[in-house]
Amino acid sequence: MAQKSYDKALFRLISILTMLTKDERPTISSLAEEFNVSKRTIQTDIYQRLCGWDITKDKFGRLVFRDGVNIFLNFNKK
C-alpha cells in the first residue's frame with residue numbers, strides 16, 4: 001500500500017517535534033533537505049501546522065522551543 005501524503009506530513013511533524021524535544025536545533029534548510037521537501041513546506045509545517053507549539057528561531061536561525069520548553073513524552077503510562 002502506497003504511503004499517503006498526510007502520512008508523510010504527519011511523520012515529518014512528529015520528527016520535527018522529536019528533534020526539538022531532544023534539544024537538537026535543526027534549520028529550515030536542513031529539514032527541507034532531510035525530508036526532501038521545499039523550504040516553504042517546512043515553514044508551513046512550523047508556522048501553521050505546529051503553531052500551537054512555542055517554536056522560534058535562535059540567533060543562528062536554528063529552530064528551538066521558546067524559553068527552553070522541554071516536553072516529556074511518556075507513552076507507557078499504566
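Here, every reference points to the structure presented above.
No experiment lies behind these values; they were computed from the predicted model shown.

Rules behind the numbers
- Each chain carries its own residue numbering, running from 1 in the written order of its sequence.
- With the structure being a predicted model, the display of local features is reserved for residues of pLDDT at least 70 and the display and counting of side-chain atom pairs for 80 or more, all residues being used for whole-chain, interface and lining totals.
- Calculation of side-chain values draws on the structure's entire complement of heavy atoms; hydrogens and water are dropped beforehand.
- We count a stretch as a helix when DSSP gives it H or I for four or more residues in a row; a strand needs E for two or more, and each element gets its number in order from the N terminus.
- Under the scheme applied here, a residue whose accessible area is under 20% of the maximum for its type counts as buried, over 50% as exposed, and between as partly exposed, the area being computed with a 1.4 Å probe on protein chains only.
- For this analysis, residues touch if any pair of their heavy atoms sits within 4.5 Å.
- Only buried residues count toward a nonpolar core. Its members are Ala, Val, Leu, Ile, Met, Phe, Trp, Tyr and Cys residues joined through side-chain atoms within 4.5 Å.
- Angles here are taken between N-to-C directions and fall from 0 to 180 degrees, while the axes themselves are lines fitted to C-alpha atoms, restricted in helices to the stretch in contact.
- Here the angle decides the label: under 35 degrees means roughly parallel, over 145 means roughly antiparallel, 65 to 115 means roughly perpendicular, and every other value means oblique.
- Crossing handedness is defined as follows: a turn of the near helix away from the far one that is anticlockwise and smaller than a right angle gives a left-handed crossing, while the clockwise case is right-handed.
- By definition, no residue in a patch forms a salt bridge, and every one has over 30% relative accessible area; like charges are joined within 9 Å, nonpolar side chains (Val, Leu, Ile, Met, Phe, Trp, Tyr) within 5 Å.
- For the accessible areas, the method is Shrake-Rupley and the probe is 1.4 Å, while residue cover comes only from the protein chains on display.
- Just to be clear on terms, a salt bridge is a Lys or Arg side-chain nitrogen sitting within 4 Å of an Asp or Glu carboxyl oxygen.
- Two residue types count as positive, namely Lys and Arg, and two as negative, namely Asp and Glu; His and chain ends fall outside the count.
- A single reference atom marks each charge: NZ on Lys, CZ on Arg, CG on Asp, CD on Glu.

**Student:** Honestly, the overall build of the protein in this entry has me stumped. Any pointers?
**Tutor:** Looking only at helices and strands, one finds three helices and two strands in the protein. The N-to-C order of helical and strand elements in the protein reads α-α-α-β-β. Residue burial in the protein is summarised as follows: out of 78 residues, 29% are buried. By sequence separation, contacts in the protein at least 24 residues apart represent 47% of the contacts at least 6 residues apart.

**Student:** Explanation requested: the nonpolar core in the structure shown.
**Tutor:** Most often, soluble globular proteins keep nonpolar side chains buried together rather than apart. Counting 15 residues, the largest nonpolar core has Ile16, Leu31, Ile42, Ile46, Leu50, Ile55 and Leu63 as the members making the most contacts within it. Every element with two or more residues in this core is listed here: helix H1 (5-21), helix H2 (28-35), helix H3 (39-49) and strand S2 (63-65). When residues of this core are assigned to their parent elements, the largest contribution, five residues, is made by H1. Once residues within four sequence positions are removed from consideration, Ile55 is found in contact with Leu17, Leu20, Ile46, Leu50, Leu63, Val64, Phe65 and Arg66.

**Student:** How should unusual backbone geometry be read in this particular structure?
**Tutor:** The phi dihedral of Asp23 falls on the positive side, at around 65 degrees, and the residue is not glycine. The residue Asp23 is located in the loop between H1 and H2 in this model. Classification of Asp23 by relative accessible area gives exposed; the value is 55%. Located in the positive-phi region is Asn36, a residue other than glycine, with phi close to 55 degrees. Structurally, Asn36 can be placed in the loop between H2 and H3.

**Student:** Mind showing me how you'd approach the packing of H2 against H3 here?
**Tutor:** A pair of packed helices is captured by two measures, namely the crossing angle of their axes and the spacing between those axes. For the pair H2 and H3, the least separation of the axes is 8 Å and the interaxial angle reads 110 degrees. On the basis of their axis angle, the class for H2 and H3 is roughly perpendicular. Where H2 crosses over H3, the handedness of that crossing is right-handed. Here Ile28, Ser29, Leu31, Ala32 and Phe35 of H2 lie close against H3, whose contacting residues are Lys39, Ile42, Gln43 and Tyr47.

**Student:** Sorry, what's going on with a negative patch on the surface here?
**Tutor:** There is a patch of like negative charges on the surface, built from Asp23, Glu24, Glu33 and Glu34. With respect to the secondary-structure elements, Glu34 resides in helix H2.

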